[in-house]
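Next come the chains, spelled out residue by residue.
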Amino acid sequence: MILESTPIGLHCPRGGFYIDPNRPVERAIVSHAHTDHARWGCRHYLAAKPSEHLLRMRMNDDAEFEFLNYGESVSIAGIKVSFHPAGHILGSAQVRLEYRGRVEVVTGDYKLGDDPTCESWEPICCHLMVTESTFGLPVYRWQPQSVTTAAINQWWRESRDAGKCCVLYGYAVGKSQRLLAGLDSSIGPIYTHGAVEKGTQAYRDSGVAMPETTYVGSVDGKHDWKGGMVVAVPSAHGTPWMRKFGRVSTAMASGWMAVRGARRRRSVDRGFIVSDHVDWPSLMQAIEACDPESVWVTHGYSAVVARYLTEQGRQAKVLGSSSRGESDEDAEAEEHLAESEAES
């Protein structure tokens, strides 16, 4: 085996590095720039080149960075390390390790299908596949993105015609930019919460096309927001910051919207099923395409997925990890930025 599971995270003893460690280490390989994978405080980071702007935006100034293009490799103590598209967010990568003919792949977070804001996931044949299972239950099945995008734009038109401002909630990095890319700017002006604008600028700096947006904090207090679309982080919901928009229609974009009652618990008017993780059919499709001898399942419904794979004749086990889900991504950063926004 190349990898071992430790309380700090996946560790490569021969290479002396960790993959997505849960606390600061000397050498970290990171799958993508979400804060639950790219931990602040590590001394040296190795990541995929497309994630550079996002990682530099978030990490400590004295950190050392090394970036590789997708498919490019580097040898660490004889282990061939390379990054391959994961389709989760901009710069997200599967980490491929090869040593003496054995291949082990850590998927990080990933999704299948097209996304205009990042490169699409690609299968990697391997002996061991470490996979997330955030939405690893048969109830989670995503609609085509075109269907969801059309529904969001229709909600915006109806709200505009009713004299309301739309507020659409999505996580600051990745989800918000995917939502922005699907908005029809002919309906009205698009505004962004400060955390969203910061992430969107990093996408622009990386060469990803984004629609024209206006940072909410730069707009005069007497502004008429009717007919506009505000893309904000979930932690802004119900805060004093929301009062400036007048009559609003609110919506949450998340994979959890597939569960009955989730919209009510969020206290929003609409719920749109949008996730940057694999759903159940995609998870099974990905494992079949990579065809590993064994599968380590982590996060979400790992026990359910491991049991199902075992019943299907595969070697599978649950990889111990702290509980984490889509709703945890960027939560700490969003709360901090939402407080800053509320003061402006």
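Structure report, in brief. These figures come from a predicted structure and were not determined experimentally.

**Considering the overall build of the protein**
Move 1: A tally of helices and strands in the protein yields eight helices and 19 strands.
Move 2: Taking 20 Å as the expected radius of gyration for a compact globule of 344 residues, we find that the protein reaches 20 Å, a close match to that expectation.
Move 3: The dimensions of the protein, computed from C-alpha atoms along their principal axes, are 65 × 45 × 30 Å.
Move 4: Buried positions account for 56% of the 344 residues belonging to the protein.
Move 5: In the protein, 59% of the contacts between residues at least 6 apart in sequence involve partners at least 24 apart.
Move 6: For the protein, the accessible area works out to roughly 14500 Å², and carbon and sulfur atoms hold 47% of it.

**Structural notes on the environment of Asp 276**
Move 1: With respect to the helices and strands, the residue Asp 276 is situated in the loop between β17 (270-272) and α6 (280-290).
Move 2: Residue classification places Asp 276 among the buried positions, given a relative accessible area of 4%.
Move 3: In this structure, the C-alpha to C-alpha distance between Asp 276 and Leu 112, residues 164 residues apart in sequence, is 8.7 Å.
Move 4: Within the local environment of Asp 276, its side chain forms a polar contact with the side chain of Lys 111, the two groups lying 3.5 Å apart.
Move 5: In this structure the side chain of Asp 276 is engaged in a polar contact, spanning 2.6 Å, whose partner is the side chain of Arg 178.

**Some details on the nonpolar core**
In summary, soluble globular proteins display a tendency toward joint burial of nonpolar side chains.
Move 1: Core analysis: the largest hydrophobic core is formed by 61 residues, its most contacted members being Leu 55, Leu 168, Met 229, Val 230 and Phe 245.
Move 2: Top contributing element to this core by residue count: strand β12 (residues 165-169), with five residues.

**Overview of the pairing of strand β16 (residues 248-253)**
The side chains of a regular strand alternate between the sheet's two faces.
Move 1: Of all six residues in β16, five are buried; the element is thus mostly enclosed.
Move 2: In terms of strand pairing, β16 meets β17 through three bridges, oriented parallel. Across the sheet, Ala 251 pairs through a bridge with Arg 270, a residue of β17.

**Brief notes about the pattern of salt bridges**
Move 1: Going through the model one piece at a time under the given rule, you end up with 15 salt bridges.
Move 2: In this structure, Glu 104 engages Arg 102 in a salt bridge whose closest nitrogen and oxygen atoms are separated by 2.6 Å.
Move 3: Ionic pairing is found between Arg 314 and Asp 291, a salt bridge with its closest N-O pair at 3.3 Å. In this pair, Arg 314 sits in the loop between α7 (302-311) and β19 (315-318) while Asp 291 sits in the loop between α6 and β18 (294-298), placing the two residues 23 residues apart along the sequence.
Move 4: Judged by relative accessible area, Arg 314 falls into the buried class, the value being 17%.
Move 5: In this structure Asp 291 comes out as partly exposed when scored by relative accessible area, which is 48%.
Move 6: In this structure, a network of salt bridges that share partners links the residues Lys 111, Asp 115, Arg 178 and Asp 276.

**Quick look at helix α3 (residues 175-182)**
The α-helix winds at 3.6 residues per turn, so residues separated by three or four positions along the chain end up facing the same way.
Move 1: A large share of α3 lies buried, amounting to six of its eight residues.
Move 2: All of the buried residues along α3 are Lys 175, Ser 176, Gln 177, Arg 178, Leu 179 and Leu 180.
Move 3: Each element contacted by the buried residues of α3 is listed here: α2 (145-161), β12, β13 (190-192), α4 (194-205), β15 (229-232) and β16.

**Here's the deal with the packing of α6 against α7**
Move 1: With their axes 13 Å apart at the nearest point, α6 and α7 run at an angle of 50° to one another. Classed by the angle they form, the pair α6 and α7 counts as oblique. Considering how the two elements wind past one another, α6 and α7 form a crossing that is right-handed. Taken together, the residues of α7 that come into contact with α6 (itself represented by Trp 280, Leu 283, Met 284 and Ile 287) are Val 305, Tyr 308 and Leu 309.

**Observations regarding the environment of Tyr 308**
Move 1: Residue position: Tyr 308 is located in helix α7.
Move 2: Among the residues examined, Tyr 308 registers a relative accessible area of 30% and is labelled partly exposed.

Cut-off values and rules
Residues numbered from 1 in each chain as written. Predicted model: local features only at pLDDT ≥ 70, side-chain atom pairs only at ≥ 80, totals over all residues. Heavy atoms only, no water. Helix = DSSP H or I, 4+ residues; strand = E, 2+ residues; numbered from the N terminus. Rg over C-alpha atoms; globule rule 2.2 N^0.38 Å. Buried < 20%, exposed > 50% of the residue type's maximum accessible area, 1.4 Å probe, protein only. Contact = heavy atoms within 4.5 Å. Areas by Shrake-Rupley, 256 points an atom, 1.4 Å probe, with all protein chains shown as cover. Polar contact = N/O pair within 3.5 Å; in protein donor to acceptor, adjacent residues only side chain to side chain. Core = buried A, V, L, I, M, F, W, Y, C linked by side-chain atoms within 4.5 Å. Pairing = 2+ DSSP bridges. Salt bridge = Lys/Arg side-chain N within 4 Å of Asp/Glu carboxyl O. Axes fitted to C-alpha atoms, helices over the stretch in contact; angles between N-to-C directions. Parallel < 35°, antiparallel > 145°, perpendicular 65-115°, else oblique. Left-handed = near helix turned anticlockwise from the far one by under 90°.

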